[in-house]
Amino acid sequence: MSKNKKQKTEIENSENTENQIELKTKKARKKMPKVLKVLIILIIIGGVVAAGLFIARKTISKNKVANTVYTVTKETYENVIEISGAIAAAQSQTLKASSAGTVTQVYVKQGDTVKKGDIIIQLDDTTERYNLAKHDYETQTVLITGSAREYQLKLNQRSSLVQKVNERKVTATFDGIVANMSVAVGDYLEAKDDIGTLVDTSYLTAQVEVAETDVSKLKVGQEVDFKFSASNETVKGYVVGWPAIGTVTSRGATVVKVTVRIDDYPETILPNFSFSGKIKIAPDENYILVSRYAIGREDGQAFVELADSGEKINVTVSPYDKDYVKIESGLSGGERVKAQSTGETSGTQRRNGMGGGMPSGGFGSGSSGRSSGGMSSGGFGGGGGFSGPR
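Read on for an overview of the structure. (Residues numbered from 1 in each chain as written. Predicted model: local features only at pLDDT ≥ 70, side-chain atom pairs only at ≥ 80, totals over all residues. Heavy atoms only, no water.)

Phe-226, Phe-228, Val-258, Val-260, Phe-275 and Ile-279 are the most contacted members of the largest nonpolar core, which has 22 residues in total. Non-local contacts of Val-258, meaning those with residues more than four positions away in its chain, are made with Ala-206, Gln-207, Val-208, Val-210, Leu-218, Val-239, Gly-241 and Trp-242. (Core = buried A, V, L, I, M, F, W, Y, C linked by side-chain atoms within 4.5 Å. Buried < 20%, exposed > 50% of the residue type's maximum accessible area, 1.4 Å probe, protein only. Contact = heavy atoms within 4.5 Å.)

Next comes the structure, spelled out in structure tokens:
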């Protein structure tokens, strides 16, 4: 009996479990349609939002094109080699005593102008003059009592004694200005002591370093523009020449030292003043540039639309770079024109936004003319670039 009851209980428990499973399955089936409905609603909302964003983006893009205005700019492209260095006098003489002695006369002062051969200072030459006078007396005696050979020997010796007398003077070797003097009567000088400097400032000159790649672009007489910190004006000069051999710098670069010269310069410019400059290797090139997004096309004809009047003007353009085109004809520069497209609609993105015209600046060192790389006295200069809108 007990065994039958146990079996009956197990059967009832099994039936209860099956009923519970069936009940849960029915509830799950009732919930499923609600989940699907929520998903469908979310998909519809997402589609509406995406469509709204797409329409908004199109509207904003159209407004951006309508509201963007570019300025047509003029750019000057300079064909130059950039240089720098320090200017020097045409000639310079360090005033030195040739032999030791006491200063007996000082004939000039700092700032005085002298001619070639003028005496700057005189050293005591008493002994040298005595020796010369004694020699002249002996020469006259030999002329009367001696042989022709002895007389000729005396004449030759006299040249040496005259040279010793002359060495007691310090003289100017060229026309110039006494730049500085540091000697006075009574001073005792040793041989080769410096007493001052004489300079010839009839013109100024300098040696500047030019990269080996740019030497082929140089010509004697090419114009050079100099800029000095001591003067606001541009000083004009020219190329004089360069050697037929290069120089390897401490940086390992091969350069040629080019001589440049200035004939006319302000009084404020003095020897040893530093400068920067440009060697003009070809005439400047003038470009008219505008953003390529300002160019529209109708039946293959390029045009721009004036921002102020709405007038369409046919133009001829040529490629320049990623963002700009050159105007070959149709515009003169300074016009304000409407955008015809944007970076997004044309499939590219501008580097500098949607504003204005070509920014000033230029290329780094490289090929000629402000694409010409030069090397300044202190190192390679950056040749090439734009002078900016005019």
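Now that the structure has been shown, the text picks up again.
With that out of the way, let us pick up the pairing of strand β2 (residues 73-77). With four of five residues buried, β2 is to be regarded as a mostly interior element. Pairing geometry for β2 and strand β17 (residues 285-291), over five bridges, is antiparallel. Each bridged residue has a counterpart across the sheet, and for Glu-75 the counterpart in β17 is Tyr-287. (Helix = DSSP H or I, 4+ residues; strand = E, 2+ residues; numbered from the N terminus. Pairing = 2+ DSSP bridges.)

As summarised here, the arrangement of the four strands in space is β8-β7-β5-β10, forming an open sheet in which the pairing is antiparallel. What marks the edges here is a single partner per strand, and that holds for β8 (169-171) and β10 (188-189). Relative to β8, strand β7 (residues 119-123) runs antiparallel, the two sharing three bridges. Pairing of Ile-119 across the sheet is with Thr-171, part of β8.

Before going further, it helps to spend a moment on the pairing of strand β3 (residues 80-86). Counting buried positions along β3 yields five of seven residues, so the element is predominantly enclosed. By the bridge criterion, seven bridges tie β3 to strand β16 (residues 274-280) in an arrangement that is antiparallel. Counterpart to Val-80 in the pairing with β16 is Lys-280.

For the rest of this paragraph, the subject is the layout of surface pockets. A volume near 190 Å³ is recorded for the second largest pocket. Along the walls of the second largest pocket sit Ile-177, Val-178, Ala-179, Val-199, Thr-201, Leu-204, Tyr-265, Pro-266, Glu-267, Ile-269, Leu-270 and Pro-271, which together make up its complete lining. Counting residues per element, the ones that place at least two in the lining of the second largest pocket are β9 (176-181) and β11 (194-211). (1 Å grid on protein atoms, 1.4 Å probe; cavity = no way out; pocket = protein on both sides within 12 Å on 5 of 7 lines; lining within 4 Å. Points joined across faces, edges and corners; volume = space filled by probe spheres on them.)

As enumerated under the stated definition, the model contains 18 salt bridges in all. For Asp-225, the salt bridge identified is with Lys-280, shortest N-O distance 3.7 Å. Placement of Asp-225 in strand β12 (residues 223-228) and of Lys-280 in strand β16 is noted, with a sequence separation of 55 residues between them. For Asp-225, a relative accessible area of 14% gives the class buried. A residue is classified by how much of its surface remains accessible, and Lys-280, at 25% relative accessible area, is partly exposed. Several salt bridges converge on common partners, so that one network encompasses Glu-223, Asp-225, Lys-236 and Lys-280. (Salt bridge = Lys/Arg side-chain N within 4 Å of Asp/Glu carboxyl O.)

What follows is about a nonpolar patch on the surface. Judged by side-chain polarity, Leu-39, Ile-41, Leu-42 and Ile-45 come together as a nonpolar surface patch covering roughly 380 Å² of accessible area. One can find Leu-39 in helix α1 (residues 2-67). (Patch = residues over 30% accessible without salt bridge, like charges linked within 9 Å, V, L, I, M, F, W, Y side chains within 5 Å. Areas by Shrake-Rupley, 256 points an atom, 1.4 Å probe, with all protein chains shown as cover.)

Backbone geometry places Lys-192, a non-glycine residue, at a positive phi of 75°. You can call Lys-192 exposed: its relative accessible area is 59%. A positive phi angle, close to 80°, is found at Asn-272, a residue other than glycine.

Helix length check: helix α3 (residues 148-166), at 19 residues, gives a terminal C-alpha distance of 28 Å against a target of 27 Å (1.5 Å per residue), a fit within 8%. Among the residues of α3, those classed as buried are Lys-154, Leu-161 and Val-165. The arc enclosing the buried residues of α3, seen along the axis, measures out at 50°, which places them on a common side. Away from the buried face of α3 by more than 90 degrees, exposed residues Ala-148 and Arg-149 are located. Of the surrounding secondary structure, the elements contacted by the buried residues of α3 are α2 (126-145) and β8. (Expected span 1.5 Å × (residues − 1). Arc of directions from axis to C-beta.)

It is worth spelling out the sheet that holds strand β18 (residues 296-298) at this point. Read across the open sheet, the three strands follow the order β18-β19-β20; overall the sheet is antiparallel. Of all the strands in the sheet, the pair left with one neighbour each is β18 and β20 (312-314). Recorded for the sheet is a direction-independent mean angle of 45° between the axes of neighbouring strands. The pairing of β18 with strand β19 (residues 301-305) spans three bridges and is antiparallel. Paired with Arg-297 across the two strands is Ala-302, which belongs to β19. (Axes fitted to C-alpha atoms, helices over the stretch in contact; angles between N-to-C directions.)

A few words on the packing of α2 against α3. To describe two helices that pack against each other, one gives the angle between their axes and the distance between the axes. Where α2 contacts α3, the axes come no closer than 10 Å and their chain directions differ by 165°. Considering their axes alone, α2 and α3 lie roughly antiparallel with respect to each other. In the crossing of α2 with α3, the sense of the turn from one axis to the other is left-handed. In this structure, α2 uses Glu-128, Arg-129, Asn-131, Leu-132, His-135, Asp-136, Glu-138, Thr-139, Val-142 and Leu-143 to contact α3, whose residues at the interface are Glu-150, Tyr-151, Lys-154, Leu-155, Gln-157, Arg-158, Leu-161, Val-162, Lys-164 and Val-165. Residue composition of the contact of α2 with α3, grouped by class: eight nonpolar, four polar and eight charged. (Parallel < 35°, antiparallel > 145°, perpendicular 65-115°, else oblique. Left-handed = near helix turned anticlockwise from the far one by under 90°. Nonpolar A, V, L, I, M, F, W, Y, C, P; charged D, E, K, R; others polar.)

With respect to the element layout, Lys-169 can be found in strand β8. Here Lys-169 sits buried without a salt bridge, and the closest side chain of opposite charge, Asp-125, lies 5.0 Å off (N-O distance). (Lys, Arg positive; Asp, Glu negative; His and termini not counted.)

Further remarks concern the side chain of Lys-154. Relative to the elements of secondary structure, Lys-154 occurs in helix α3. Given the relative accessible area of 16%, Lys-154 is considered buried. Apart from the residues within four sequence positions on either side, Lys-154 is in contact with His-135, Glu-138, Thr-139 and Val-142.

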